Amino acid sequence: MAAIIDLQDIVKVYQTGDVKVRAVCGVSLTIQPGAFVAIMGASGSGKSTMMNILGCLDQPTSGLYLLDGMDVSQLSPEERAEIRNEKIGFVFQGFNLLARTSARDNIELPMLYAHPPLSRKEQVQRVDDALEIVGLTDRADHLPNQLSGGQQQRVAIARSLVMKPALLLADEPTGNLDTQTSIEIMDAFQTLNDRGITIAMVTHELDIAQYTKRNVVMRDGKIISDRLVENRLNAKAEMERLQREQRAADLASWDSLPSCELRSMR
Ligand code: ADP
Ligand code: MG
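Thresholds applied
- By convention here, each chain's residues receive numbers from 1 onward along its written sequence.
- The order in which chains are written sets their letters, starting at A; the order in which ligands are written sets their numbers, starting at 1.
- Selection of residues for local features in this predicted model requires a pLDDT of at least 70, selection of side-chain atom pairs for listing and counting requires 80 or more, and totals for whole chains, interfaces and linings are taken over all residues.
- Hydrogen atoms and water are omitted, and side-chain values are computed over all heavy atoms in the structure.
- Helix numbering and strand numbering both begin at the N terminus, where a helix is a DSSP run of H or I of at least 4 residues and a strand a DSSP run of E of at least 2.
- One fewer than the residue count of a helix, multiplied by 1.5 Å, yields its expected span.
- Polar contacts, as used here, are pairs of N or O atoms within 3.5 Å; protein pairs need one atom able to donate a hydrogen and one able to accept it. Residues neighboring in sequence count only if both atoms are side-chain atoms.
- Whether two residues are in contact is decided by their heavy atoms, any of which lying within 4.5 Å being enough.
- Patch membership is restricted to residues that have no salt bridge and whose relative accessible area is over 30%. Joining uses 9 Å for like charges and 5 Å for the nonpolar side chains Val, Leu, Ile, Met, Phe, Trp and Tyr.
- The protein chains shown are the only cover counted for residues, whose accessible areas, like all others here, come from Shrake-Rupley with a 1.4 Å probe.
- The working definition used for a salt bridge is a side-chain nitrogen of Lys or Arg within 4 Å of a carboxyl oxygen of Asp or Glu.
- Under this rule, positive means Lys or Arg and negative means Asp or Glu; His and the chain ends count for nothing.
- Where a charge lies is defined by one atom per residue type, namely NZ (Lys), CZ (Arg), CG (Asp) and CD (Glu).
- Pairing of aromatic rings covers Phe, Tyr and Trp, the last through its six-membered ring, and needs centres within 6.5 Å; plane angles under 30 degrees mean stacked, over 60 mean edge-to-face, and all others mean tilted.
- The cut-offs for exposure are 20% and 50% of the maximum accessible area for each residue type, with area from a 1.4 Å probe on protein chains only; residues under the lower value are buried, those over the upper are exposed, and the others partly exposed.

**Topic: helix α8 (residues 235–255)**
The end-to-end C-alpha distance of α8, which contains 21 residues, comes to 30 Å, matching closely the 30 Å that a straight helix rising 1.5 Å per residue would cover. Capping the start of α8 is the job of one residue whose side-chain oxygen sits 3.1 Å from the backbone nitrogen of K236: N234.

**Some words on the side chain of S73**
Residue position: S73 is located in the loop between β5 (70–71) and α2 (77–87). Polar side-chain contacts of S73 include one of 2.8 Å to the backbone nitrogen of Y65. What S73 contacts, discounting residues up to four positions off in sequence, is Q59, P60, G63, L64 and Y65.

**Observations regarding a negative patch on the surface**
Taken together, the side chains of E78, E79, E82 and E86 define an acidic patch exposed on the protein surface. Assignment of secondary structure puts E86 in helix α2.

**Section: the packing of aromatic side chains**
With the rule as written, the count across this model stands at 2 aromatic pairs. Seen from their ring centres, F36 and F189 are 6.4 Å apart, and the 70° between their planes marks the pair as edge-to-face. Linking F36 in strand β3 (residues 36–40) with F189 in helix α6 (residues 179–194), this pair joins segments that are 153 residues apart in sequence. As far as burial versus exposure is concerned, F36 and F189 are alike and both buried. Seen in terms of ring centroids, F90 and F92 are 5.9 Å apart; in terms of plane orientation they differ by 5°. Their pairing is stacked. Residue classification places F90 among the buried residues on the basis of a relative accessible area of 18%. Since its relative accessible area comes to 31%, F92 is described here as partly exposed.

Printed below as a string of structure tokens:
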């Protein structure tokens, strides 16, 4: 099977004045269709630089990048914008939703730039499908501030899907979320991946990386470890386990109330 991502000896040097920073130092990496990869590493190890190159937001200084079989290493900004819209869905840490705009209209946005343009019927169908996949059909008309953090991130995930990307890229998608909500987001990603969508996600959280299928660890701009995940976590099972634990904790606190308080609560 042809790789979706094929990086060969990618180098990225940032030059600020006289100072050169080698952010990525000769990375080779292939990602196959259907993969679910976590890119990990300490702050400053080059994760975001890699993400920017993978997402055609930035160009490597040298090296070859084949995206879905096409050499995208040295495209113009306009050509990169086109490739991004056609092939890549993005999910960011900060959700990046328009504030006074409903979930439905936020999800629809990427399709406004589609060419050839999509029919109105097709647009509505795609928004409905994306809402259903992330479990937000009943929240379509809510504004972002009427949604929880987890729901807002699921709107952002739905938005990333409507152009039917070959690849979904996420940079610290659970960085702003509590544990339970983070698992909810990993559930959405696992569902998408089960449907065949290829996902690469930056995270510095080890437990979050356990929901993916493969962990790539970077240090000082190089890959220092690349392994398949053993004992992969299942987000649905983890959510159920947390709910059971919460119920048990609620019951325990109920038992420990003095009986007079219990009577007054009944
Ligand atoms: P991470 O996402 O793992 O924290 P980054 O890719 O953001 O790492 O950064 C890798 C290195 O490149 C760091 O030393 C950082 O300071 C440097 N760097 C990142 N972006 C730029 C930039 N636009 N200009 C100059 N140096 C940069
Ligand atoms: Mg970063």
